Amino acid sequence: MKKDTTDEKYLILVILCSFFMYHVNVWSTKRIWDFFTIAFLGITLLICLRRRFIHITFYFKWLVSIIVISTVVSLIQPYRENAFGNMYNLIKAALPALIVITFTDSYKRIEYILLSLWISGIAVFFELMMNFNANAVLNTIIMTQSRMGLGGVEHPNTTAYNLLISFIVGSYLLFTCEWIKNRKAHMIIMIIGEGLIAGGCLLTGSRKVLIGILIVLLLIAIRNSQNPIKLIGVISVIIIGIYMLYQITLSNQILYTLVGNRLESLFEGEDASSDGRKTLIAEAVRIGFVSVIGVGFGNYKNYSSLGMYAHNELVEIFSGTGMAGLVIYYFPIIKEVGIAFKNYYNRVSQSDVAWFAIFFTVFVIEFSQITYTLFSYHMMLALLLSFREITNQIENRDV
């Protein structure tokens, strides 16, 4: 009997896709990137045509809706070239996620997607370490310039966000997957990998990512520990661990330069970065209301007094596409997060607990970062918007 290798081929596909897309900002200027993109899309199209398999997911419908509303608004506003450039970057990040989710028709494949994102995060950590120079960090005059981004060209916040996604999907696998929990070797590998990814987050100097890690661990711990005494113990361990990590970032000169000084200024209320973000957000909200229909997708920075994007995805979308665009963009997301919360609160299953923890954390991070051009965000969003659709398909098939 011939062995079915379909799932193994799918795993290779998503690992390659995740690895390349985690490096999109580093490799997009290289010739190999265009070749990879064309080859990837071409092979996928041939597979779809050969199998006569075109699955229109809810994520696909959501993506088309965003592109339509953004196109309409951007056509009647100035800075069209900039707006369509931002839309192109969104599509470039969303298309590989759309292709991967199209072929996702089993729980195993959902786990494969998460595993691939986790592996890609570990790869990013090792690449950051290969480029790490302690002397350069210590001799940096402006501390924020010591933060590390992938390849030395990617913004540290982008690298940090990708690492956060890798960490939280690793947490999901660690808490829910039987093939990991039932084997000590797998558990050890996952724990070590999570530690490496968290170390990579420190190198990027991102505060929001460290907060995101704390949120996801607390949410999973709260609903997984039904014994009150055990729950208090788990939460205490997490909080003490985070506090000790914070103290280490203050006492170690390298870590203090990378991230400790930024955490210290945040807790002491002397953070100029936060003050600037408040100004950007307030201006973006005002522009969204004044323009009514928005100023064009991603065009807010052309109207900002600081000449920067809003550092908040909700108000960035609102200022660019108006209330209509904001509702189209976020209503499906909030609805699915709400359903996930209901399942989380009722402890429907262990996976539902971790599932809500993941997406609540992703949603919270959007209040301080623009993520719509990142593959890792779109891959998680595709899973969120299509998860119930995929699970219903699986259940109907197994009946």
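Note that the structure is predicted; figures quoted are calculated from it, not measured.

1. What about the overall build of the protein chain?
- For the protein chain, the count of helices and strands is 17 helices and zero strands.
- Taking all 399 residues of the protein chain together, 50% fall into the buried category.
- In the protein chain, the proportion of contacts linking residues at least 24 apart, taken out of those at least 6 apart, comes to 77%.

2. A closer look at unusual backbone geometry
- The residue tyrosine 79 is not glycine, and still its phi comes out positive at about 60°.
- Taking the relative accessible area as the measure of exposure, tyrosine 79 reaches 43% and is therefore partly exposed.
- The phi dihedral of valine 292 falls on the positive side, at around 70°, and the residue is not glycine.
- Mapped onto the elements, valine 292 comes out in the loop between helix H14 (272-291) and helix H15 (313-345).
- The exposed category is assigned to valine 292, whose relative accessible area is 56%.

3. Section: the packing of aromatic side chains
- Evaluated as defined, the whole model comprises 13 aromatic pairs.
- An angle of 55° between the planes, with centres 4.8 Å apart, marks the rings of tyrosine 329 and tyrosine 330 as tilted.
- Three or more aromatic residues link up through ring pairs in this structure, and these residues are Tyr59, Trp62, Tyr329, Tyr330, Phe363 and Phe367.

4. A word on the nonpolar core
- Counting residues in each nonpolar core, the largest one holds 104 residues, and the members touching the most others are Tyr59 and Ile333.
- Residues Leu280, Ala284, Ile287 and Ala310 belong to the second largest nonpolar core, which totals seven residues.

5. Considerations on the confidence of the model for the protein chain
- Mean pLDDT over the protein chain stands at 81; residues scoring 70 or higher make up 88%.
- Per-element confidence in the protein chain ranges from a low mean pLDDT of 69 for helix H3 (residues 31-51) to a high of 91 for helix H4 (residues 58-75).

6. Describing the packing of H4 against H15
- The interhelical angle for the contact between H4 and H15, taken along N-to-C directions, is 180°, at an axis separation of 10 Å. Classified by the angle between their axes, H4 and H15 sit roughly antiparallel to one another. For the pair H4 and H15, contact is made by Phe58, Trp62, Ser65, Ile66, Ile69, Ser70 and Val73 and by Gly320, Thr321, Ala324, Gly325, Ile328, Tyr329 and Pro332, respectively.
- For the contact of H4 with H15, the per-class residue count stands at nine nonpolar, five polar and no charged.

7. Section: the environment of valine 295
- Within the fold, valine 295 resides in the loop between H14 and H15.
- Given the relative accessible area of 5%, valine 295 is considered buried.
- When the C-alpha positions of valine 295 and phenylalanine 318 are compared, they lie 9.2 Å apart, and in sequence the two are 23 residues distant.
- The residues touching valine 295, leaving out its near neighbours within four places in the chain, are Gln77, Pro78, Ile287, Tyr300, Tyr303, Ser319 and Gly320.

8. Observations regarding the packing of helix H6 (residues 107-130) against helix H8 (residues 156-176)
- Direction vectors running N to C along H6 and H8 enclose 135°, while the axes themselves pass 8 Å from each other. Regarding the angle of H6 to H8, the classification is oblique. Here H6 runs over H8; the crossing is left-handed. Side by side, H6 and H8 meet where Glu111, Leu114, Leu115, Leu117, Trp118, Gly121, Val124, Phe125 and Leu128 of the first sit next to Thr159, Leu163, Ile165, Ser166, Val169, Gly170, Tyr172 and Leu173 of the second.
- Of the residues belonging to the contact of H6 with H8, the class tally is twelve nonpolar, four polar and one charged.

The rules we used
- Residues numbered from 1 in each chain as written.
- Predicted model: local features only at pLDDT ≥ 70, side-chain atom pairs only at ≥ 80, totals over all residues.
- Heavy atoms only, no water.
- Helix = DSSP H or I, 4+ residues; strand = E, 2+ residues; numbered from the N terminus.
- Buried < 20%, exposed > 50% of the residue type's maximum accessible area, 1.4 Å probe, protein only.
- Contact = heavy atoms within 4.5 Å.
- Phe/Tyr/Trp six-rings, centres within 6.5 Å; stacked < 30°, edge-to-face > 60°.
- Core = buried A, V, L, I, M, F, W, Y, C linked by side-chain atoms within 4.5 Å.
- pLDDT = per-residue confidence, 0-100.
- Axes fitted to C-alpha atoms, helices over the stretch in contact; angles between N-to-C directions.
- Parallel < 35°, antiparallel > 145°, perpendicular 65-115°, else oblique.
- Nonpolar A, V, L, I, M, F, W, Y, C, P; charged D, E, K, R; others polar.
- Left-handed = near helix turned anticlockwise from the far one by under 90°.

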